[in-house]
Amino acid sequence: MQKIAISELQPNMVVARNIFSTEGVLLLSADTVLNATQIERLQQFGLPSIYIKNPFTDTIPYGDLIDTIPEVVREETRVQAVQLVNTAFQNLTILQNLDTQQFKAISDLILDDVIKNRGAMIHLTDIRAHDGYTFGHSVNVCVLATLTGVQLGYDMVNLKELALGALLHDAGKMLIPQEILLKPAPLTNDERKLMEKHSDLGFDILRKQSDIPLVSAHIAFQHHEKFDGNGYNRGLAGTNIHEYARIVAIADVYDALTSDRPYKEASLPHEAYEIMMSLANTHFDPVILQTFLNQIALYPLGSIVQLNTDDIAVVTRVIPGLQTRPTVKVLLDASGHKLKNGPEIDLTRHLTTFITKVFTLTEVLQLGANSTRQTNLQQTFEPTS
Ligand SMILES: [Fe+2]
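Residues numbered from 1 in each chain as written. Predicted model: local features only at pLDDT ≥ 70, side-chain atom pairs only at ≥ 80, totals over all residues. Heavy atoms only, no water.

## Describing the overall build of the protein
Move 1: Scanning the protein from N- to C-terminus turns up 15 helices and nine strands.
Move 2: Within the span of the protein, comprising 385 residues, buried residues form 51% of the whole.
Move 3: If you sum the accessible surface of the protein, you get close to 17600 Å²; carbon and sulfur atoms cover 52% of it. (Helix = DSSP H or I, 4+ residues; strand = E, 2+ residues; numbered from the N terminus. Buried < 20%, exposed > 50% of the residue type's maximum accessible area, 1.4 Å probe, protein only. Areas by Shrake-Rupley, 256 points an atom, 1.4 Å probe, with all protein chains shown as cover.)

## Overview of the packing of aromatic side chains
Move 1: All chains considered together, the criterion is met by four aromatic pairs.
Move 2: Taken together, a centroid distance of 5.4 Å and an interplanar angle of 45 degrees make the contact between Phe 89 and Phe 103 tilted. Of this pair, Phe 89 sits in helix 3 (residues 75–95) while Phe 103 sits in helix 4 (residues 100–116); the two residues are 14 residues apart in sequence, bridging distant segments of the chain. As far as burial versus exposure is concerned, Phe 89 and Phe 103 are alike and both buried. (Phe/Tyr/Trp six-rings, centres within 6.5 Å; stacked < 30°, edge-to-face > 60°.)

## Structural notes on unusual backbone geometry
Move 1: Each neighbour pair has its own omega, and for Tyr 232 with Asn 233 the value is 15 degrees, a cis peptide bond.
Move 2: Tracing the chain through its elements places Asn 233 in the loop between helix 11 (214–222) and helix 12 (243–257).
Move 3: Residue Asp 31 is not a glycine yet carries a positive backbone phi of 80 degrees.
Move 4: Position of Asp 31 among the secondary structure elements: in the loop between strand 3 (26–28) and helix 1 (36–44).
Move 5: Residue class for Asp 31 comes out partly exposed when judged on its relative accessible area of 48%.
Move 6: Unusually for a residue other than glycine, Asn 281 sits at a positive phi of about 75 degrees.
Move 7: Position of Asn 281 relative to the elements: it lies in the loop between helix 13 (269–278) and helix 14 (286–294).

## What to know about the packing of helix 4 against helix 7 (residues 156–167)
Move 1: Viewed as axis vectors pointing N to C, helix 4 and helix 7 meet at an angle of 120 degrees, and their least axial separation amounts to 9 Å. Classified by the angle between their axes, helix 4 and helix 7 sit oblique to one another. Judged by the sense of rotation from one axis to the other, the crossing of helix 4 with helix 7 is right-handed. Along the contact surface, helix 4 presents Phe 103, Lys 104, Ile 106, Ser 107, Asp 108, Ile 110, Leu 111 and Ile 115, while helix 7 presents Met 156, Leu 159, Lys 160, Ala 163, Leu 164 and Leu 167.
Move 2: Classifying every residue of the contact of helix 4 with helix 7 gives 10 nonpolar, one polar and three charged. (Axes fitted to C-alpha atoms, helices over the stretch in contact; angles between N-to-C directions. Parallel < 35°, antiparallel > 145°, perpendicular 65-115°, else oblique. Left-handed = near helix turned anticlockwise from the far one by under 90°. Contact = heavy atoms within 4.5 Å. Nonpolar A, V, L, I, M, F, W, Y, C, P; charged D, E, K, R; others polar.)

Put into structure tokens, the structure is as follows:
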């Protein structure tokens, strides 16, 4: 069984668990072989992700593992938040009117979940599963920033200011022309200059709202400033950038890196980690960056990885702070034979063993097909006596 973002579904994938709408109506039952119409319908319902069957991993007690992945934010909260942000941002574009109460309610909802699940790590599927980049992105940035605030020991007042400002950090984008916002290619210089106005425009909208704290509005204003002073709008550096904005700058870039965009494929968490680390001190506050990265599972539970021994294994345990050395269970040995009950290797103890590759979902499904073929071949040629 594999949790997969709706945007990554393909015809002929098999549903592993019943799928319900946010109102609790059964949309599709387990074992349904998906077709294009059903996939389109699922997208319209705004669900972030579903479980599909994967012949490769379904033969090991792997479903139980996925069931234990702690979610930082409940799926219901995420669906509700993305829908509300979608409507509220559209109202901002059309009516130039911001429903601040609605945003406060959503950010409180997200904050409640994050506090309840403190200690949980971000696994890829927690944050990537969304369609409609800006709305999902706003919710993701809010989750990531709030989680970082919790790690930094913020009190409730700080957390509420941070959560609200993070959710609204890109509000100014609603006043940027759609053709630039949705352009499926890198922007020209002039377009980029116009796009960069969104932080100024956002600040201007938010600071006029009497029930939005001014520090939250400053998140929108300062989230593109860089730690070395080379960002915009004002070229602020170091601690002259408000701490909330330094947090949101990190969450913003991490989510952009790990999301599919029209002109680039999503980076996997360990790839995004390397990129983020290379930007410490220039783009990002290095201390906050470390706090942020400690809560990201570089190899999320259930990831299929290749080891330097050429074994192929599934990640079964991740410890915060030791994310580069998860525990893995071997599924295929170096000669490609499927193991019924392969060894479990704790990479914090086996220091000469390391991960050399993480398989994408498409590659995992391909592996599944290949190993099933190989198992069938083995059975065909196995002596019967
Ligand atoms: Fe932005």
